[in-house]
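Summary of structural features
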Amino acid sequence: MRVDGALRAALEAEMTEAIGAGGSGRRRGEPIREDTRMDTETHKRKERLHQFLVNRRAIIRGGAAAAAAAALPSFSRTARAGPSTPMHFIGWQYNPQIVSENVETFKKLYHENVEYELVPGEYHAIAETKLMAGQHIDMMYSEEDRIVRWNKAGWTRTLDGLPGLDAIKASMYPVNVKDMSLPTGGLGGLPYYTGFNSFVANEKHLDAAKLQPPSTWEEFLDQCRKLKRDKVAEFPYISAWGRQWASLSWSLFAIWYSEGAKVFGANFDPVFDEPFKKVLEMHRTIYRERIVPPDVFTQQGESVPNFATGQHTYMVVHDYDQKVFNTPATSHIAGAARNFIMPGKTRSTFVWTAVYQMGAKPVDEMRVWNLMQFFGGKAKDGQYHVARRWALEFGLGTPYKEVIEDPEVQKSFSVWKDMKIATQQLETATTRDVAKATWFPEWDWFMMGEVQDYIRGQGSTDELVDKLQKKTAEVKALYSE
């Protein structure tokens, strides 16, 4: 497999384009624009929300990122005790101060030595640069589309054969085990968190318009037109349409799956059928009819701050962001943001599992395995220190049944989302298996750019499909045996 050369060429192109584009979304640190029409309280809410989002997921570019890293407690970067050789752990900027505290807890519990490195910028591209350059990494964050890619490149290893793995797998939901598994059947990592895209509505708008949530996308469009015509909402719909790893692609796949589009079939060959085209054409219609704001491609924080203003009716969004919408300090619609089953023929959605991967050459296999179990499972004291904390403080899901079924977690989640609906949605969710194709990140990045242009009115649907088919063949050949 021509992995190294392919990765290098693709990585250089991806980083050049990403830097040149400037971009938007959770991994960018530009300030959230203030609406001058908003009152003082709105301004305060948006400031709090902006800080929340920066701390929560956004990776800040350049000097700001360096400053954030420098501000981390010193214990997160150097060890005070334990073995002389530290384990090296890298991660993106999702509440790095809490990750640092978790590292410190691990060090005390296990009498260990860990160096935690916060990676600024486009995490996956930079992590691949580090790995390609030969930097030693014992444990690293990874999204589902890098599990197989990094394993095939020889940068990470399977967890098979490590003690207690069978019991760990048995304690998780099968859909997540499947999502984290390699084509060979081995487990590629332990879970950081799991999530799915949810269909959320502003019930204040539904009450004003006397509407019930739609069950089809045709009904959704009709409702949005009515909401706009009746001046209930100038822009009834909002979603993450930026060209970022967790934005337009995730939203599209959720809606494709909800409409029954496979997108990719056997051997990951493209299935760009009528449901696939229908979803694309719906997005173009939404944009042309100004059902979404004209700046939707460049909004910050995956458009989460925009929905929190209360100006929009519907959103396809990561399920845990509903916690933001129903928190008074960060939202104008706290208590009115409700999750419903996705519209569409199948009413499915996209579910993913982010992981911790083990480096191919750990400094010490058992030491790193302890680190992985502490962060991605249950520690030796029997506690889910990390997964439970993420669930209670930020609403992040986890594959571990024991954590999800914990009464305190259930009570916490029930405050900001309908647990019955969420469970029903999760039961019908679809994993994006094509993400296990080594070439998928290149195709995905290309797809988002082409779809943005198409939504703006460039070219026909058939022309877009032809481009996507040709790109599939190109990247498959790049990674062929």
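Residues numbered from 1 in each chain as written. Predicted model: local features only at pLDDT ≥ 70, side-chain atom pairs only at ≥ 80, totals over all residues. Heavy atoms only, no water.

**Details of the overall build of the protein chain**
Counted only if it meets this: The secondary structure listing takes helices from DSSP runs of H or I that are at least 4 residues long and strands from runs of E that are at least 2 residues long, numbered from the N terminus. Contacts: residue pairs with any heavy atoms within 4.5 Å of one another. Note on areas: these come from Shrake-Rupley sampling with a 1.4 Å probe, and a residue is covered only by the protein chains present in the view.
Within the protein chain, the secondary structure is distributed over 21 helices and eleven strands. Looking at the protein chain alone, contacts between residues at least 24 apart form 77% of all its contacts between residues at least 6 apart. Approximately 18400 Å² of the protein chain is accessible, and the part contributed by carbon and sulfur atoms is 52%.

**Brief notes about the nonpolar core**
Heads up, the condition is: Joining through side-chain atoms within 4.5 Å is the link that ties buried Ala, Val, Leu, Ile, Met, Phe, Trp, Tyr and Cys residues into a set, and such a set is a nonpolar core. The buried label goes to any residue with under 20% of its type's maximum accessible area, the exposed label to any with over 50%, and the partly exposed label to all in between, with areas taken from a 1.4 Å probe on protein chains only.
Counting residues in each nonpolar core, the largest one holds 133 residues, and the members touching the most others are Phe-89, Tyr-237, Trp-256, Tyr-356, Phe-375, Trp-390 and Trp-443. Dropping the residues within four chain positions of it, Trp-256 is found in contact with Ala-261, Val-263, Pro-275, Phe-276, Val-279, Leu-280 and Met-447.

**Some words on the pairing of strand β2 (residues 114–118)**
Under the convention used in this document: Strand pairing is assigned whenever DSSP identifies at least 2 bridges connecting the two strands. Look down the strands so they point away from you; if the path from the first strand over the helix to the second goes clockwise, the crossover is right-handed.
Burial of β2 is extensive: four of the five residues sit out of reach of the surface. Pairing analysis gives five bridges linking strand β1 (residues 87–91) to β2, with the strands arranged parallel. Its bridge partner being in β2, Gly-91 is matched across the sheet by Leu-118. Traced from β1 through helix α4 (residues 96–110) to β2, the parallel crossover comes out right-handed.

**Things to note about the environment of Tyr-384**
Following the sequence through the fold, Tyr-384 ends up in the loop between α15 (365–376) and α16 (385–394). Given the relative accessible area of 8%, Tyr-384 is considered buried. Spatially, the C-alpha atoms of Tyr-384 and Gln-373 are 9.1 Å apart, while their sequence positions differ by eleven residues. Other than its neighbours up to four places away in sequence, Tyr-384 contacts Ser-171, Gly-377, Lys-378, Arg-389, Tyr-400, Glu-402 and Val-403.

**Let's talk about the packing of helix α11 (residues 248–258) against helix α12 (residues 274–288)**
Quick reminder of the rule: Helix axes are fitted only over the stretch in contact, all axes being lines through C-alpha atoms; the angle between N-to-C directions runs from 0 to 180 degrees. Angles are sorted into four bins: roughly parallel if under 35 degrees, roughly antiparallel if over 145, roughly perpendicular if 65 to 115, and oblique for all others. Crossings are assigned a handedness: left-handed for a near helix turned anticlockwise from the far helix by less than a right angle, right-handed for a clockwise turn. Only Asp, Glu, Lys and Arg are considered charged, only Ala, Val, Leu, Ile, Met, Phe, Trp, Tyr, Cys and Pro nonpolar, and every remaining residue, Gly among them, polar.
At their nearest, the axes of α11 and α12 sit 9 Å apart, and the two run at 130° to each other. With respect to α12, the axis of α11 lies oblique. Here α11 runs over α12; the crossing is right-handed. Across from Leu-252, Ile-255 and Trp-256 in α11, the residues of α12 making contact are Pro-275, Phe-276, Val-279, Leu-280, Met-282 and His-283. In terms of residue class, the contact of α11 with α12 is built from eight nonpolar, one polar and no charged.

**A look at the environment of Lys-231**
By secondary structure assignment, the location of Lys-231 is in the loop between α10 (217–229) and β5 (237–239). Residues Lys-231 and Ala-209, 22 residues apart in the sequence, show an inter-C-alpha distance of 9.6 Å.

**A few points about helix α19 (residues 419–427)**
The condition that has to hold: It is the directions from the helix axis to the C-beta atoms whose arc is reported. Any pair of nitrogen or oxygen atoms within 3.5 Å is treated as a polar contact; in protein, a donor-acceptor pairing is required on top of that, and neighbouring residues in sequence qualify only through side-chain atoms on both sides.
When α19 is considered as a whole, its buried residues turn out to be Met-419, Ile-421, Ala-422 and Gln-425. Buried residues of α19, viewed axially, fall in a sector of 160°; they line one side. Counted as exposed and oriented over 90 degrees from the buried face of α19: Lys-420 and Glu-427. Looking at the buried residues of α19, the elements they touch are β4 (190–202), β9 (337–340) and α18 (407–416). Two or three places before Lys-420, at the start of α19, stands the capping residue Asp-418, its side-chain oxygen 3.0 Å from that residue's backbone nitrogen.

**Overview of unusual backbone geometry**
In this structure, Asn-95 takes a positive phi of about 45° despite not being glycine. In this structure Asn-95 comes out as buried when scored by relative accessible area, which is 2%. One non-glycine residue with positive phi stands out, namely Arg-347, at about 60°. Structurally, the position occupied by Arg-347 is in the loop between β9 and β10 (350–358). Classification of Arg-347 as partly exposed rests on a relative accessible area of 28%.

All quantities given are derived from atomic positions and should not be read as evidence of function.
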